[in-house]
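Structural features, examined
This is what each chain is made of:
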Amino acid sequence: MEKKVWLSRRAIKLHVVILIVVPAFLALCLWQVSRAVGGNTLSWAYVFEWPLFAAYAVYMWWRFVHEAAEDTPPPATAGADPGGSNGSAQFPTPVPEESAQEKEEDKEMAAYNDYLAQLAERDKASGR
């Protein structure tokens, strides 16, 4: 399974991005070092900022590569029919019950929609 995590289509795209971003950030750091040594005092802040950006990019790359593995559902067994006609048991997905507040909001929304429909009919009748 670990090999699938590192070689999935999404992971390969992330590898390409990190292989471009980190060297670019480190090159920008070196450029800021040369400017800072040359007398630009503001560049000293960037000297420390670009490596932090690179470290954060590596952290996010690691998270995104492994997040993809956690989010993907397990593969279906070979020959299994998603409709369940091959004898496998299909369990219904539980539907959360609607709360009293949601039912009240639905009633209010229906009343508001009725009001808008009445206004639209009145506009049609008056020729607006």
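Fair warning: this is a prediction, and the values are worked out from it, not measured in the lab.

**Looking at the packing of aromatic side chains**
Going through the model one piece at a time under the given rule, you end up with five aromatic pairs. When the centroid spacing of 5.2 Å and the interplanar angle of 45° are considered together, the rings of Phe25 and Trp50 count as tilted. With a gap of 25 residues between them, Phe25 in helix H2 (residues 9–37) and Trp50 in helix H3 (residues 43–71) connect regions that are remote in the sequence. A residue is classified by how much of its surface remains accessible, and Trp50, at 17% relative accessible area, is buried. Look at Trp61 and Trp62: their rings are 6.2 Å apart centre to centre, the planes differ by 65°, and that puts the pair in the edge-to-face class. Classification of Trp62 by relative accessible area gives partly exposed; the value is 46%. Here a set of aromatic residues connected by ring pairs shows up, and it is made of Phe25, Trp50 and Phe53.

**Some words on helix H4 (residues 100–126)**
Compared with an ideal rise of 1.5 Å per residue, which puts 27 residues at 39 Å, H4 spans 39 Å between its outermost C-alpha atoms and is within 8% of the ideal. Phi for Gly127, located one or two positions after H4, is positive at around 80°.

**Things to note about a nonpolar patch on the surface**
Taken together, the side chains of Leu7, Ile12, Val16 and Ile20 define a hydrophobic patch exposed on the protein surface, amounting to about 370 Å² of accessible area. Of note, Ile20 is situated in helix H2. On the accessibility criterion, Ile20 (55% relative accessible area) is exposed.

**A look at the environment of Leu19**
Looking at where Leu19 falls in the secondary structure, it is placed in helix H2. The exposed category is assigned to Leu19, whose relative accessible area is 64%.

**Describing the side chain of Gln32**
Topologically, Gln32 is positioned in helix H2. At a separation of 2.8 Å, a polar atom in the side chain of Gln32 contacts the side chain of Ser43. Beyond its immediate stretch of four places on either side in the chain, Gln32 contacts Ser43, Tyr46, Val47 and Trp50.

**Regarding a negative patch on the surface**
A cluster of acidic side chains, namely Glu98, Glu102, Glu104, Glu105, Asp106 and Glu108, defines a negative patch on the protein surface. As for its placement among the helices and strands, Asp106 is situated in helix H4. Residue classification places Asp106 among the partly exposed positions, given a relative accessible area of 42%.

**With respect to H2**
For H2, spanning 29 residues, the distance from its first C-alpha to its last is 43 Å, which sits close to the expected 42 Å at 1.5 Å a residue. Every buried residue of H2 is accounted for by Ala11, Leu14, His15, Ile18, Val22, Cys29, Gln32 and Ala36. The first or second residue beyond H2 is Gly39, which carries a positive phi of 120°.

**Observations regarding the nonpolar core**
Within the largest apolar cluster, nine residues are counted, these being Val5, Ala11, Leu14, Ile18, Val22, Ala54, Ala57, Trp61 and Val65. Looking at this core, the elements that each hand over two or more residues are H2 and H3. With residues near it in sequence (within four places) discarded, Trp61 still touches Trp6, Leu14, His15 and Ile18.

Reading the values: rules and limits
What you see as residue numbers is a count from 1 along each chain, following the sequence as written. Side-chain atom pairs in this predicted model are given and counted only at pLDDT of 80 or more, local residue features only at pLDDT of at least 70, and totals for whole chains, interfaces and linings cover all residues. Computation of side-chain values: all heavy atoms of the structure, hydrogens and water removed. Any Phe, Tyr or Trp ring, taking Trp's six-membered ring, that has another such ring centre within 6.5 Å forms a pair; planes under 30 degrees apart are called stacked, those over 60 apart edge-to-face, and the others tilted. Think of it this way: any DSSP run of H or I at least four residues long counts as a helix, any run of E at least two long counts as a strand, and we number them from the N terminus. Each residue is placed in one exposure class: buried if its accessible area under a 1.4 Å probe, protein chains only, is under 20% of its type's maximum, exposed if it is over 50%, and partly exposed if it falls in between. Between the first and last residue of a helix there are one fewer steps than residues, each counted as 1.5 Å, and that sum is the expected span. Within the patch definition used here, like charges are joined within 9 Å and nonpolar side chains (Val, Leu, Ile, Met, Phe, Trp, Tyr) within 5 Å, considering only residues with over 30% relative accessible area and no salt bridge. Residue-level accessible areas treat just the shown protein chains as cover; the underlying method is Shrake-Rupley with a 1.4 Å probe. Whenever a carboxyl oxygen of Asp or Glu lies within 4 Å of a side-chain nitrogen of Lys or Arg, that contact is scored as a salt bridge. Polar contact criterion, stated in full: a pair of N or O atoms within 3.5 Å, where within protein one must be able to donate a hydrogen and the other to accept it, and residues adjacent in sequence count only if both atoms are side-chain atoms. Note on definitions: a residue-residue contact is assigned when non-hydrogen atoms from the two residues lie within 4.5 Å. Only four residue types enter the tally: Lys and Arg on the positive side, Asp and Glu on the negative side; His and the chain ends are excluded. The atom standing in for a charge is NZ when the residue is Lys, CZ when it is Arg, CG when it is Asp and CD when it is Glu. Put simply, a nonpolar core is a bunch of buried Ala, Val, Leu, Ile, Met, Phe, Trp, Tyr and Cys residues held in one set by side-chain atoms that sit within 4.5 Å of each other.

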